[in-house]
Amino acid sequence: MAKYKRILLKLSGESLMGKQHFGIDPERLSDYARQIKEVHDMGVQIGIVIGGGNIFRGLSGAGKGFDRVKGDQMGMCATVINSLALSSALGALGVKNKVLTAIRMEPIGEFYSKWKAIEAMEAGYICIFSAGTGSPYFTTDTGSSLRGIEIEADVMLKGTRVDGIYTADPEKDPTATKFTDITYDEIYTRGLKVMDLTATTMCKENNLPIYVFNMDVVGNLKRVMDGEAIGTLVHN
Ligand code: UDP
């Protein structure tokens, strides 16, 4: 039995780059698709949000002279590109899935609604929620907390390249230690960078637990669903 019945999986756009400096690494993409198929085969209902940072970020665009709102719209389009790539990789494995978009852009994806998403997940489709929230000045972290809350997910799984939340950045500070679990309030007081604060607050206020784990190790998504304590749980 899987630990969770319905999950919202957040993947960063950056990790899609794999060993590349830009764009989508086909090997990383198919590793992700295989891991997702593995838990889909367990009967888990899956919603996915994928970032766009491997292609474009509104904020860094603004630093280079782009209008912020247009830059954010470019970022949202980037998440659609990544979502289509993941959809295609899942399709190649025979996994039924739909790309839903927060901004109308048929026939690239269907326009998102909570009920459409739940109906599709109950019918065995994986739903990939693209274009974030559809609004500028937000991120895909906020997009995933929003969608996770809307679809009544049991947990938001944040797949990253580190295996959980540490007292300090483990890539910079070798003395950093990992939390098995932590409250949202501690995230604020310790100033930890887990997700952006808007997203963290939405999860706190709506009681959506976040589980941070290393998605770049093949098999880890299944380990989380098997109940192995490989990451960090954030809760109230
Ligand atoms: N974005 C936005 N509104 C949203 C979600 C995303 O404007 O609701 C834009 C924003 O410019 C962001 C970019 O899309 O920089 C890519 O998303 P994100 O940075 O969250 O991707 P990640 O860093 O996780 O790869």
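Residues numbered from 1 in each chain as written. Predicted model: local features only at pLDDT ≥ 70, side-chain atom pairs only at ≥ 80, totals over all residues.

- As annotated in an unreviewed UniProt entry, the protein chain carries the name Uridylate kinase and comes from Marseilla massiliensis.
- Of the protein chain, the UniProt comment under Subunit (unreviewed entry) reads exactly: "Homohexamer."
- Taken directly from UniProt, the Function (unreviewed entry) text for the protein chain runs: "Catalyzes the reversible phosphorylation of UMP to UDP." (UniProt positions renumbered as here; feature names shortened; annotations may be inferred.)

Brief notes about the overall build of the protein chain
Turning to step 1, where the next piece is worked out: Secondary structure summary: the protein chain contains eight helices and nine strands in total.
Turning to step 2, where the next piece is worked out: Expected size for 236 residues packed as a compact globule is a radius of gyration near 18 Å; at 17 Å, the protein chain falls within 12% of this value.
Turning to step 3, where the next piece is worked out: In terms of principal-axis extent, the alpha carbons of the protein chain reach across some 50 × 50 × 35 Å.
Turning to step 4, where the next piece is worked out: Out of the 236 residues in the protein chain, the part that is buried amounts to 42%.
Turning to step 5, where the next piece is worked out: Put simply, 71% of the contacts in the protein chain that link residues at least 6 apart link residues at least 24 apart. (Helix = DSSP H or I, 4+ residues; strand = E, 2+ residues; numbered from the N terminus. Rg over C-alpha atoms; globule rule 2.2 N^0.38 Å. Buried ≥ 20, exposed ≤ 12 C-beta atoms within 10 Å, placed from the backbone. Contact = placed C-beta atoms within 7 Å.)

Digging into the site of the ligand
Turning to step 1, where the next piece is worked out: In the vicinity of the ligand, 25 residues are found, and the nearest of them are Gly51, Gly53, Gly58, Gly75 and Gly132.
Turning to step 2, where the next piece is worked out: Broken down by secondary-structure element, the contributors of at least two residues to the shell around the ligand are α2 (58-63), α3 (68-92) and α5 (140-150).
Turning to step 3, where the next piece is worked out: Taken together, the residues of the shell around the ligand sort by class into five nonpolar, 16 polar and four charged. (Near = placed C-beta within 6 Å. Nonpolar A, V, L, I, M, F, W, Y, C, P; charged D, E, K, R; others polar.)

Points about the UniProt feature "domain: Aspartate/glutamate/uridylate kinase" (unreviewed entry) in the protein chain
Turning to step 1, where the next piece is worked out: Mapped onto this numbering, the UniProt entry annotates "domain: Aspartate/glutamate/uridylate kinase" (unreviewed entry) at residues 5-214.
Turning to step 2, where the next piece is worked out: Between the first and last C-alpha atoms of residues 5-214 the distance is 20 Å; the span itself is 39% helix and 18% strand.

With respect to the packing of helix α1 (residues 26-40) against α3
Turning to step 1, where the next piece is worked out: Where α1 meets α3, the axes come as close as 9 Å, and the angle between the chain directions of the two elements is 60 degrees. Taken together, the axes of α1 and α3 lie oblique to each other. For the element pair α1 and α3, the recorded crossing hand is right-handed. Each of Leu29, Ser30, Tyr32, Ala33, Ile36 and Lys37 in α1 lies in contact with α3, whose residues at this interface are Ala85, Leu86, Ala89 and Leu90.
Turning to step 2, where the next piece is worked out: Its residues assigned to classes, the contact of α1 with α3 comprises eight nonpolar, one polar and one charged. (Axes fitted to C-alpha atoms, helices over the stretch in contact; angles between N-to-C directions. Parallel < 35°, antiparallel > 145°, perpendicular 65-115°, else oblique. Left-handed = near helix turned anticlockwise from the far one by under 90°.)

Here we look at the pairing of strand β8 (residues 210-214)
Turning to step 1, where the next piece is worked out: Most of β8 sits inside the fold, with four of its five residues counted as buried.
Turning to step 2, where the next piece is worked out: The pairing of strand β6 (residues 155-160) with β8 spans five bridges and is parallel. Bridge pairing in β8 places Leu157 opposite Tyr211.
Turning to step 3, where the next piece is worked out: Bridge count between β8 and strand β9 (residues 232-235): three bridges; the pairing is antiparallel. Its bridge partner lying in β9, Tyr211 is registered against Leu233. (Pairing = 2+ DSSP bridges.)

A look at the nonpolar core
Turning to step 1, where the next piece is worked out: Counting residues in each nonpolar core, the largest one holds 50 residues, and the members touching the most others are Ile7, Ile46, Ile48 and Ile128.
Turning to step 2, where the next piece is worked out: Of the residues forming this core, the biggest block, five residues, is contributed by α3.
Turning to step 3, where the next piece is worked out: Not counting chain neighbours up to four residues away, the residues in contact with Ile48 comprise Leu9, Leu11, Leu86, Ile126, Ile128 and Phe129. (Core = buried A, V, L, I, M, F, W, Y, C linked by C-beta atoms within 7 Å.)

Some remarks on the environment of Tyr4
Turning to step 1, where the next piece is worked out: Structurally, the position occupied by Tyr4 is in the segment before β1 (6-11).
Turning to step 2, where the next piece is worked out: For the pair Tyr4 and Gln45, spaced 41 residues apart in the sequence, the C-alpha separation amounts to 8.7 Å.
Turning to step 3, where the next piece is worked out: Other than its neighbours up to four places away in sequence, Tyr4 contacts Val44, Asp154, Val155 and Met225.

Focus: the UniProt feature "binding site: UMP" (unreviewed entry) in the protein chain
Turning to step 1, where the next piece is worked out: With numbering aligned to this structure, UniProt lists the feature "binding site: UMP" (unreviewed entry) at Gly52, Asp72, Thr133, Gly134, Ser135, Pro136, Tyr137, Phe138, Thr139 and Thr140. The largest pairwise C-alpha distance within this set of annotated residues, which runs over 89 residues, is 14.3 Å, so the set is compact in three dimensions.
Turning to step 2, where the next piece is worked out: Looking at the element boundaries, Pro136 is found in the loop between β5 (126-130) and α5.
Turning to step 3, where the next piece is worked out: By the C-beta count within 10 Å, which is 16 here, Pro136 ends up partly exposed.
Turning to step 4, where the next piece is worked out: Beyond its immediate stretch of four places on either side in the chain, Pro136 contacts Gly58, Arg68, Val69, Asp72 and Gln73.
Turning to step 5, where the next piece is worked out: Tracing the backbone through its elements, the reader meets Thr140 in helix α5.
Turning to step 6, where the next piece is worked out: According to the C-beta neighbour criterion, Thr140 is buried, with 31 such atoms within 10 Å.
Turning to step 7, where the next piece is worked out: Dropping the residues within four chain positions of it, Thr140 is found in contact with Val49, Gly51, Gly52, Thr79 and Gly132.

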